[in-house]
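Reading the structure
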Amino acid sequence: MSATNNVAQARKLVEQLRIEAGIERIKVSKASSELMSYCEQHARSDPLLVGVPASENPFKDKKPWRAEGAVSLRSP
Amino acid sequence: MCDQTFLVNVFGSCDKCFKQRALRPVFKKSQQLNYCSICAEIMATDGLHESETLAALRSEAEGLKGKLEEERAKLHDVELHQVAERVEALGQFVMKTRRTLKGHGNKVLCMDWCRDKRRIVSSSQDGKVIVWDSFTTNKEHAVTMPCTWVMACAYAPSGCAIACGGLDNKCSVYPLTFDKNENMAAKKRSVAMHTNYLSACSFTNSDMQILTASGDGTCALWDVESGQLLQSFHGHGADVLCLDLAPSETGNTFVSGGCDKKAMVWDMRSGQCVQAFETHESDINSVRYYPSGDAFASGSDDATCRLYDLRADREVAIYSKESIIFGASSVDFSLSGRLLFAGYNDYTINVWDVLKGARASILFGHENRVSTLRVSPDGTAFCSGSWDHTLRVWA
């Protein structure tokens, strides 16, 4: 019966909201400074942020990439 | 409507208690029944009771929503970009297309990197799924799915298999083999079954479990070996379009985004939604965790990307510009979390300074919508896929 469904749905929503309302939160200032310190700690090892020399980045190398023992997948 | 008349004395068997009584017409779901006066009265008060309960529940829900907003607002003491004023500004970026992967016959819809930081799997509207070596641009594997619009694909952590799916409503796993005599399609295994299209899939930390999101409004966790449903996640009010697993250190949660404009964070073990965010004004096309796992970003058809902090339980930044009016289809963070790369339906990729909230760079190159974007596992490059049939690797 649609009325019972509505009640069941409404109950679920209330239960869900109770869970969400009950979680512990921290201040935005604290959360922000933690996001920032994560960035700062890892900035130096972020290749897209600081850039890496062409010799270390396989994508920046203009010469066709070759590995030792590379197997050609085309039939001989 | 005053044509209900109780003056007509119909005498007969009550439709509810079947006793022989004087009957009066009652309407249930616009169907007319004949009840005796006792049953009619019971029905009337039942209805009243139910609607009272419903009203009470609805007002409690509204009250709780209000309380949630209040609690969140209390902790909103400052904006992220204000705290970030003391951070050094970003330098100039030189990011170019370093590789173009051509071979798909139609729109590229999804892509994923292998953990070897080199191989890429991509899927397309024409039903083809291709595995590429992004260093050489060679195609290593190709399989044709039995359906078109393969909207989701993922690389297994071991690099030995891929998963994909779309309009077939399933997620299938294909083991990757270098044996030229083996037909990849023959070893296909169907893992997930949804009742609508598959929009996203991701292996968990092992090759043994897959998490899926679907147009049927649910997400689900599956065991690859047996195809068994391990957990399902209900709560979205419309199609779920994207999902992302939390970085392994932060535990068993994942975030999903949907057409109901909501981003929801789920506990994988209990199936419970633990947090929900509803600030976007349109479909959320992409969600991605911040590398520390304490926040996640979203990209939406409302032309904005947003950052939500999980511990503050609120949105802490919006990445938007008046000149950006097309939806963001796909987002990903650089390794440190300082940069957010976002692909848009206006064919561009915008690079955002996550902390300061400003755009750092805009990248042109694709000739149609950017539909998918992922940073490589070691952060040296990122790959974008587009409706222009190509993928581009940028560094």
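Conventions and cut-offs
Here, residues in each chain are numbered from 1, in the same order as that chain's written sequence. Lettering of chains starts at A and numbering of ligands starts at 1, both following the order in which they are written. Whole-chain, interface and lining totals are the exception, using all residues; otherwise, since this is a predicted model, local features are given only for residues with pLDDT of at least 70 and side-chain atom pairs are given and counted only at 80 or more. With hydrogens and water set aside, each side-chain value is computed from the structure's full complement of heavy atoms. UniProt positions are given in the numbering used here, feature names are shortened, and annotations may be inferred rather than shown by experiment. In this description, contact between two residues means that some pair of their heavy atoms is separated by no more than 4.5 Å. Definition used for salt bridges: Asp or Glu carboxyl oxygen within 4 Å of a side-chain nitrogen of Lys or Arg. Here a polar contact is recorded for every N or O atom pair within 3.5 Å, except that within protein the pair must consist of a potential hydrogen donor and a potential acceptor, and residues adjacent in sequence are included only if both atoms are side-chain atoms. For the purposes of this entry, the term helix denotes a DSSP run of H or I that reaches at least four residues, the term strand denotes a run of E that reaches at least two, and both are numbered from the N terminus. For this classification, the nonpolar set comprises Ala, Val, Leu, Ile, Met, Phe, Trp, Tyr, Cys and Pro, the charged set comprises Asp, Glu, Lys and Arg, and every other residue, Gly included, is treated as polar. Strands pair, by our definition, only if DSSP identifies at least two bridges between them. To define axes, lines are fitted to C-alpha atoms, for helices over the stretch in contact only, and angles between the resulting N-to-C directions are given on a 0 to 180 degree scale.

Chain B appears in an unreviewed UniProt entry as Guanine nucleotide-binding protein subunit beta-5 from Heterocephalus glaber. The annotation that UniProt attaches to chain B under Sequence similarities (unreviewed entry) is "Belongs to the WD repeat G protein beta family."

Identification of chain A as Guanine nucleotide-binding protein subunit gamma from Heterocephalus glaber is taken from an unreviewed UniProt entry. Turning to chain A, the UniProt record has this under Function (unreviewed entry): "Guanine nucleotide-binding proteins (G proteins) are involved as a modulator or transducer in various transmembrane signaling systems. The beta and gamma chains are required for the GTPase activity, for replacement of GDP by GTP, and for G protein-effector interaction." In the Sequence similarities (unreviewed entry) part of its UniProt record, chain A is described as follows: "Belongs to the G protein gamma family."

Turning next to the interface of chain A and chain B. Counting from both sides, the interface comprises 46 residues of chain A and, opposite them, 68 residues of chain B. The tally of links from chain A across to chain B stands at three salt bridges. With its nearest N and O atoms 2.7 Å apart, the salt bridge here joins arginine 25 of chain A to aspartate 313 of chain B. Scanning the region where chain A abuts chain B turns up 14 residue pairs in polar contact (both at pLDDT 80 or more). Sorting the residues of the side of chain A that touches chain B by element identifies helix H1 (2-21), helix H2 (28-42) and helix H3 (47-50) of chain A as the ones contributing at least two each. Examining the composition of the side of chain A that touches chain B, we find that 15 residues originate from one element, H1 of chain A, more than from any other. When its residues are assigned to classes, the side of chain A that touches chain B shows 25 nonpolar, 10 polar and 11 charged.

Now for the sheet that holds strand E2 (residues 20-28) of chain B. Residues and elements named next belong to chain B. Across the sheet, three strands lie side by side as E1-E2-E3; this open sheet has antiparallel pairing. Of all the strands in the sheet, the pair left with one neighbour each is strand E1 (10-13) and strand E3 (31-36). When the angles between neighbouring strand axes are averaged without regard to direction, this sheet yields 60°. Where E1 lies against E2, four bridges are found, and the strand directions are antiparallel. Each bridged residue has a counterpart across the sheet, and for valine 10 the counterpart in E2 is leucine 23.

A few words now on the sheet that holds strand E25 (residues 328-333) of chain B. By way of backbone hydrogen bonds, the strands of a sheet pair with one another, either parallel or antiparallel. Residue and element names in this part refer to chain B. If you walk across this open sheet you meet the four strands as E25-E26-E27-E28, and the pairing is antiparallel. The outermost strands of the open sheet, each flanked by one partner alone, are E25 and strand E28 (359-363). In this sheet, neighbouring strand axes are inclined to one another by 20° on average, regardless of whether the strands run parallel or antiparallel. Relative to strand E26 (residues 339-344), E25 is paired through five bridges, and the arrangement is antiparallel. Paired with serine 330 across the two strands is glycine 343, which belongs to E26.

This part is about the environment of aspartate 283 of chain B. Residues and elements named next belong to chain B. Looking at the element boundaries, aspartate 283 is found in the loop between strand E20 (273-277) and strand E21 (284-289). Placed 24 residues apart in sequence, aspartate 283 and cysteine 259 show a C-alpha to C-alpha distance of 4.2 Å. Once you skip the residues sitting within four places of it in the chain, aspartate 283 turns out to touch Leu241, Gly258, Cys259, Gly299, Ser300 and Asp301.

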